[in-house]
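Chain residues, written in single-letter form:
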Amino acid sequence: MRAFIVHESLFGNTARVAQAVADGMGGHLDVELHTVVDGARPEGVDLLVVGGPTHAFSMSRATTRADAVSQGAGADPTIGLREWLDQLPEGNDTPFAAFDTRVDIVRRLPGSAAKSAAKVARKRGYRLVTRPESFYVEDTPGPLLEGEVQRAEVWGAQLVEILTGTLRDWG
Ligand SMILES: Cc1cc2nc3c(=O)[nH]c(=O)nc-3n(C[C@H](O)[C@H](O)[C@H](O)COP(=O)(O)O)c2cc1C
């Protein structure tokens, strides 16, 4: 079974979570890890997982990515998860999961990149197999809160269980 994980990460925190999710899948799936700028497309995969930073309560936009760069982010800001999803082919019920990173102190505010991404993917015919998940950073540039990398590994392992039928689908 093939899993395709794609992430956007301006400061590197979402990239770290994406790696942890892949690690959590731990050899049970054939995992490909991609960035939104590397041009790879998820063709014929058994699971699509997308991740990005929450910017202004949703997925990033060119303006918010420029803002991140002005705050010291080093990544290529030309394309984000929103634009990557714009090019997503029809899902035909392919299992799908989304995660994001966001700042701990505004944890209670409702908007998140993962929820926005899940909404788009659902409209494209992907089947959400678990709730959109957030992983938390201390401040805009990071770092991830203690324990979040381990939590991301567990989340990756749970996705394998969902896919292989050990855990029941969420929706
Ligand atoms: C322009 C901008 C807007 C942001 N808006 C939010 C927000 O609405 N909610 C939130 O929790 N974090 C917000 N953040 C913090 C980001 O979520 C944080 O920088 C991100 O999780 C870091 O991930 P990365 O290292 O992968 O880029 C914002 C950051 C930037 C630069």
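Look up a bit, the structure's there.
A quick note: this is a predicted structure, and the numbers were derived from the prediction, not measured.

*Asks:* Before we go on, may I ask you to explain the overall build of the protein chain in this structure?
*Replies:* For the protein chain, the helix and strand inventory stands at five helices and six strands. In the protein chain, the succession of helices and strands from N to C terminus is β-α-β-β-α-α-β-α-β-β-α. Here the protein chain has a C-alpha radius of gyration of 15 Å; the compact-globule value for 171 residues is 16 Å, and the two agree. Summarising its shape, the C-alpha atoms of the protein chain cover approximately 45 × 35 × 25 Å along the three principal directions. Counting across all 171 residues of the protein chain, residues that qualify as buried make up 43%. Pairs at least 24 apart in sequence give 75% of the contacts found in the protein chain among residues at least 6 apart.

*Asks:* Help me understand the site of the ligand in this model?
*Replies:* Surveying the vicinity of the ligand reveals 22 residues, the closest of which are F11, N13, T14, T101 and R102. When contributions to the shell around the ligand are tallied by element, the ones reaching two or more residues are α1 (13-25), α2 (62-70) and β4 (95-103). For the shell around the ligand, the residue count by class is nine nonpolar, 11 polar and two charged.

*Asks:* For this particular structure, what's the right way to read the pairing of strand β6 (residues 133-137)?
*Replies:* In the case of a regular strand, side chains alternate between the two sheet surfaces. Burial along β6 is one-sided: the residues E133, F135 and V137 are buried and none of S134 and Y136 is. Both β4 and β6 contribute to a ladder of five bridges, which runs parallel. Looking across to β6, one finds that D100 is bridged to S134.

*Asks:* Looking at this structure, how should I read the pairing of strand β2 (residues 30-35)?
*Replies:* The pairing of strand β1 (residues 2-7) with β2 spans six bridges and is classified as parallel. Looking at β2, one finds that V6 is bridged to H34.

*Asks:* For this particular structure, what's the right way to read the nonpolar core?
*Replies:* Burial of nonpolar side chains together is a common tendency in soluble globular proteins. In this structure, I5, V21, V49 and A117 are the most contacted members of the largest nonpolar core, which totals 41 residues. In terms of residue count, α1 provides more of this core than any other element does, six residues in total. Sequence-distant contacts of I5, that is, excluding residues within four places in its chain, are made with A18, V21, A22, V31, E32, L33, H34 and V49.

*Asks:* Teacher, can you tell me more about unusual backbone geometry here?
*Replies:* Working note: non-glycine residues mostly have negative phi, and peptide bonds are mostly trans. The omega angle of the peptide bond from G142 to P143 is -5 degrees, so this bond is cis rather than trans. The backbone of F57 sits at a positive phi, close to 70 degrees, despite the residue not being glycine. Of note, F57 is situated in the loop between β3 (47-53) and α2. Located in the positive-phi region is N92, a residue other than glycine, with phi close to 50 degrees.

*Asks:* Hey, could you run me through helix α4 (residues 113-123) in this one?
*Replies:* Residues separated by three or four positions in an α-helix point in the same direction, a consequence of the helix having 3.6 residues per turn. Looking only at α4, the buried set comprises A113, A114, S116, A117, A118 and A121. Contacts made by the buried residues of α4 are with β3, α3 (81-86), β4, β5 (127-128) and β6. A positive phi of about 95 degrees marks G125, the residue just after α4.

Rules of the game
- Residues numbered from 1 in each chain as written.
- Predicted model: local features only at pLDDT ≥ 70, side-chain atom pairs only at ≥ 80, totals over all residues.
- Helix = DSSP H or I, 4+ residues; strand = E, 2+ residues; numbered from the N terminus.
- Rg over C-alpha atoms; globule rule 2.2 N^0.38 Å.
- Buried ≥ 20, exposed ≤ 12 C-beta atoms within 10 Å, placed from the backbone.
- Contact = placed C-beta atoms within 7 Å.
- Near = placed C-beta within 6 Å.
- Nonpolar A, V, L, I, M, F, W, Y, C, P; charged D, E, K, R; others polar.
- Pairing = 2+ DSSP bridges.
- Core = buried A, V, L, I, M, F, W, Y, C linked by C-beta atoms within 7 Å.

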